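# An overview of the molecular structure
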Amino acid sequence: MRTIYFVLGLLLLPGLSWGQDSKEENEFTMSMQIRPRAEYRNGALYPRNEGQEAAAFINNRARLSMEYKRSNLSMKISAQHVGVWGQDAQIDKNGRFIMNEAWAKLDFGTGFFAQLGRQTLSYDDERILGGLDWNVAGRYHDALKFGYENKAHKLHLILAFNQNDEKTVGGTYYKDGGQPYKNMQTLWYHYTAGELPFNASLLFMNLGWETGDKETQKSDTRCMQTMGTYLTYKPQSWELQGAFYYQTGKNKNSMDVSAYMAGLQVAYAFTEQWSAKLGYDYLSGENGEGSKFKAFDPLYGTHHKFYGAMDYFYASLFQNGYAPGLQDIQAGINYKTSPQVSMQLNYHYFATAAKLEGLKKGLGSEIDYQIDWNVMKDVKLSAGYSIMRGTKSMDVVKGGNHKSWQDWGWLSLNINPRVLFVKW
């Protein structure tokens, strides 16, 4: 324990010395997180076949984050160990402790800044770019971000260039575990209206996929563009959200793309305790007809947030080469029993967007229940239970047997204290 205190003291010394040499405030923040989650999977991610046994496990995130701020500079270093209870030996020498965030942000004044390093890219409702916090590991990019922000306008330019290793010749042929794209350029603009409860965002993203020949070490970068908008309007007890995105260019398989998605959600708060919502998402799909690939790719969004908690769509893959797209009709109710406890019940009806030969569009229905309890400051207990009732079409595009009972349950404890040190 003395060793731990000694190390923390050393970490604080730079902040203390800066505070003595300057009149500006230096702020040091440390946060810790332990987040175990027990899961019972009896048809999560993919439908199970009759007779297949359910799976159960406990995954865990252990994260330590440190952040330093002063008027023109901020830095964050965060490291985590993620895995399943029992995965590591009692005497563990594998060293699976990775740096999930490591970035520095330079503030140039009058709203201009630059941020570079390993960082979360989370924009709007996280439809295209999201932090994926539900996943035990989260999602991070190695990027350089330039930005300008004031009360009404935000403009970000994000640039990335990736390799899997230092190279002497040729390109990189991506393997599991590396970033999925070779280069990326994204421009995001957000407008906040003054008196009106209205917000609008515009997004343009160019992704470069690397293809090529491993034998000759010659690479060829193919580019796909995603562009669209996200709108919100919140008059009094109402909340309206709308999104539209279009994709063109070439995908990872060098196929010409013409795809789109559209989403609309309406929510209403009856009281401080009760609210309800209705929504519809459409993601175009491919049926093998025409000269262009029509299946929309939601890329690096937080898919768990949108297309059902059991993660049948986009968080997991379709089977047998299908890419039929998705229609998702949603209805939900939220109830806050007290300042500490809230519950939500959501229903999804899923169907393919493209008409597949010999198959009906209907895929099935999912019901998701979740309860959250703020046990104390920095401690939250959550639990959920979901069921999926699929169709014959679900068997074809996702596998499994729709006559088998499909359900999923989970229990999670999130302990996430934050400690702030300030030196004037």
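Residues numbered from 1 in each chain as written. Predicted model: local features only at pLDDT ≥ 70, side-chain atom pairs only at ≥ 80, totals over all residues. Heavy atoms only, no water.

Moving on: the overall build of the chain. In terms of helices and strands, the chain carries 2 helices and 19 strands. Taken against the 2.2 N^0.38 rule, which gives 22 Å for 424 residues, the C-alpha radius of gyration of the chain at 23 Å falls within 12% of a compact globule. Here the C-alpha coordinates of the chain stretch approximately 75 × 60 × 60 Å along the principal axes. Taken across its 424 residues, the chain has 42% of its residues classed as buried. In the chain, of all internal contacts separated by at least 6 residues, the share reaching a separation of at least 24 is 58%. Element-wise, carbon and sulfur atoms account for 58% of the exposed surface of the chain, whose accessible area totals about 23100 Å². Of note, the chain has its 45 positive side-chain charges centred 1 Å away from the centre of its 42 negative side-chain charges. (Helix = DSSP H or I, 4+ residues; strand = E, 2+ residues; numbered from the N terminus. Rg over C-alpha atoms; globule rule 2.2 N^0.38 Å. Buried < 20%, exposed > 50% of the residue type's maximum accessible area, 1.4 Å probe, protein only. Contact = heavy atoms within 4.5 Å. Areas by Shrake-Rupley, 256 points an atom, 1.4 Å probe, with all protein chains shown as cover. Lys, Arg positive; Asp, Glu negative; His and termini not counted. Charge placed at Lys NZ, Arg CZ, Asp CG, Glu CD.)

So, on to the nonpolar core. The biggest cluster of nonpolar side chains holds 44 residues, and the ones touching the most others in it are M184, L207, Y245, L299, Y307, F313 and L326. Where this core is concerned, the elements lending two or more residues are strand 7 (153–161), strand 8 (183–192), strand 9 (198–213), strand 10 (218–233), strand 11 (238–250), strand 12 (256–269), helix 2 (392–398) and strand 18 (406–415). Ranked by the residues each element gives to this core, the list is headed by strand 9, at 4 residues. (Core = buried A, V, L, I, M, F, W, Y, C linked by side-chain atoms within 4.5 Å.)

Turning our attention to the side chain of S65. One can find S65 in strand 2 (residues 55–70). A polar contact of 2.7 Å, which involves the side chain of S65, links it to the side chain of S78. If sequence neighbours within four positions are ignored, S65 has contacts with T29, M30, S31, K76, I77 and S78. (Polar contact = N/O pair within 3.5 Å; in protein donor to acceptor, adjacent residues only side chain to side chain.)

With that out of the way, let us pick up the environment of D220. Residue placement: D220 occurs in strand 10. Between the C-alpha atoms of D220 and W209, which are 11 residues apart in sequence, the distance is 8.2 Å. Contacts of D220, omitting those with residues within four sequence positions, involve W209, E210, T211 and G212. Only 2.8 Å separates the side chain of D220 from the side chain of R222, close enough to count as a polar contact.

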